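Letter by letter, the chains look like this.
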Amino acid sequence: MSGNTLGTLFTVTTFGESHGPAIGCVVDGCPPGLALSEADIQPDLDRRKPGTSRHVTQRKEEDLVEILSGVYEGRTTGTPIALLIRNTDARSKDYAKIASSPRGGGRSSARLTAPAVAAGAIARKWLRERHGVEVRGYLSQLGPQRIAFKSWAHVDENPFFAPDEAVVAALESYMDQLRKSGESCGARLTVVASGVPPGWGEPLYGRLDADIAQAMMGINAVKGVEIGAGFQSVEQLGTQHSDEMTPQGFVSNNAGGILGGISTGQDVVVSIAIKPTSSIRLPRKTVDVAGEAATIETHGRHDPCVGIRATPIAEAFLALVLIDHALRHRAQNADVTEQTPRVPAQAPVGKGKAKTTPMFEDPDPAEA
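Let us look at unusual backbone geometry. Generally, phi is negative for residues other than glycine and the peptide bonds are trans, each holding for most cases. Of note, the phi angle at Asp 63 is positive, near 50 degrees, even though the residue is not glycine. For Asp 63, the location among the structural elements is in the loop between helix 1 (38-48) and strand 4 (65-67). What makes Asp 63 buried here is its relative accessible area of 1%. Phi at Ala 221 is positive, roughly 75 degrees, even though this residue is not glycine.

What follows is the structure in structure tokens.
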């Protein structure tokens, strides 16, 4: 089955299955000379791995990464980088009652996000060192509970990647009740890339926002992607949604750092909606392989909310798209000199124009 490769110049091809001996990927197109070792990749895998709290699947995988090729004397050579992660705690017997799926999700399992996170760690390091780009994410909603952003300092201090430590106790209580009931819930994640220079992307079929959306929809259980204001823009008027520019910088960022498919120099802001886990122990109606009515109950070790561990995954996928566009931009425009002055990403507080726009304003009533 094809469709295993992401990217144009910086490509990632994953391999393996959730209950096979190993999973991994081949990263092709990474520029040579980047200092790289397993120690640069492992922290991101540790943030994603299962069994880190009682709120996620209790499958115990160390997710230790091995670099098999593409690195010599501690630096990338420009040749394919092969990354291997061995499976050590698969339990195929948990699927014995589901004859058509004896070994879990196989290629479609969220287990295959691990090699993507490993590849994303390479992308994040290159983006940080070459362009000063930082890619960070957080949980912005768990089920019905919205989480206001307080500080990046809180995100890695709790198992939910919540940006406000004050809500963690309530989230834990909600998840404990959910797990006991056998139910599952969805989540919303927000990922922000700061320091992205203007000019990455193309205006039509290589749009930066379109490629981000495609990559994010490739993450297991993702059912919606927003750039900037996203679906909230439906309720906004043009005067509210448009991001005004001043010599001191942009006044707002409803566009999420991308206009006309090209980065503006503002933060690239992406939100994704993750559906409730389908693997629950409560009986659900289905049909068997013969098309007859049946009931399915999924037992074993599953995340009651896959969104809890998905923040590092979303960060990785955004980084993979950004490095690909950075390399595409360099390939086409390396000898181009910029003449237009760069608009700062954000105007200083108090420098932007406050809007007090009435609901509707017709400057020329006769024109109607």
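Back to the write-up after that little detour.
A separate point is helix 6 (residues 311-333). Helix length check: helix 6 (23 residues) gives 32 Å between terminal C-alpha atoms against 33 Å at 1.5 Å per residue, within 8%. Most of helix 6 sits inside the fold, with 18 of its 23 residues counted as buried.

Before going further, it helps to spend a moment on the state of the cysteines. Enumeration over the complete set of coordinates arrives at 0 disulfides. The closest cysteine sulfur to the non-disulfide-bonded Cys 185 is located on Cys 305, 3.9 Å from its own sulfur.

Its volume calculated, the second largest pocket comes out at about 730 Å³. Around the second largest pocket, the lining is made up of 28 residues, and of these Gly 3, Asn 4, Leu 6, Gly 218 and Phe 317 lie nearest the centre. Within the residue set of the lining of the second largest pocket, elements represented by two or more residues are strand 1 (5-6), strand 2 (11-16), helix 2 (113-131), helix 4 (208-217) and helix 6. The biggest single contributor to the lining of the second largest pocket is helix 6, with 5 residues.

Here we have 5 strands laid out as an open sheet, ordered 1-2-3-7-4, and antiparallel in their pairing. Two strands in the sheet have a free side with no partner beyond their single neighbour: strand 1 and strand 4. Where strand 4 and strand 7 (residues 81-86) come together, 3 bridges link them in antiparallel fashion. For Glu 66, the partnering residue across the bridge sits in strand 7 and is Leu 84.

In this section: the pairing of strand 8 (residues 134-142). In terms of burial, strand 8 is largely enclosed, as 7 of its 9 residues are buried. Note: strand 8 against strand 10 (residues 187-194), 8 bridges, orientation antiparallel. Counted as the bridge partner of Glu 134 is Ser 194 from strand 10. Bridging between strand 8 and strand 9 (residues 145-146) involves 2 bridges; their strand directions are antiparallel. Residue pairing in the sheet places Gln 141 in a bridge with Arg 146 of strand 9.

Conventions adopted
Residues numbered from 1 in each chain as written. Predicted model: local features only at pLDDT ≥ 70, side-chain atom pairs only at ≥ 80, totals over all residues. Heavy atoms only, no water. Helix = DSSP H or I, 4+ residues; strand = E, 2+ residues; numbered from the N terminus. Buried < 20%, exposed > 50% of the residue type's maximum accessible area, 1.4 Å probe, protein only. Expected span 1.5 Å × (residues − 1). Disulfide = S-S within 2.5 Å. 1 Å grid on protein atoms, 1.4 Å probe; cavity = no way out; pocket = protein on both sides within 12 Å on 5 of 7 lines; lining within 4 Å. Points joined across faces, edges and corners; volume = space filled by probe spheres on them. Pairing = 2+ DSSP bridges.

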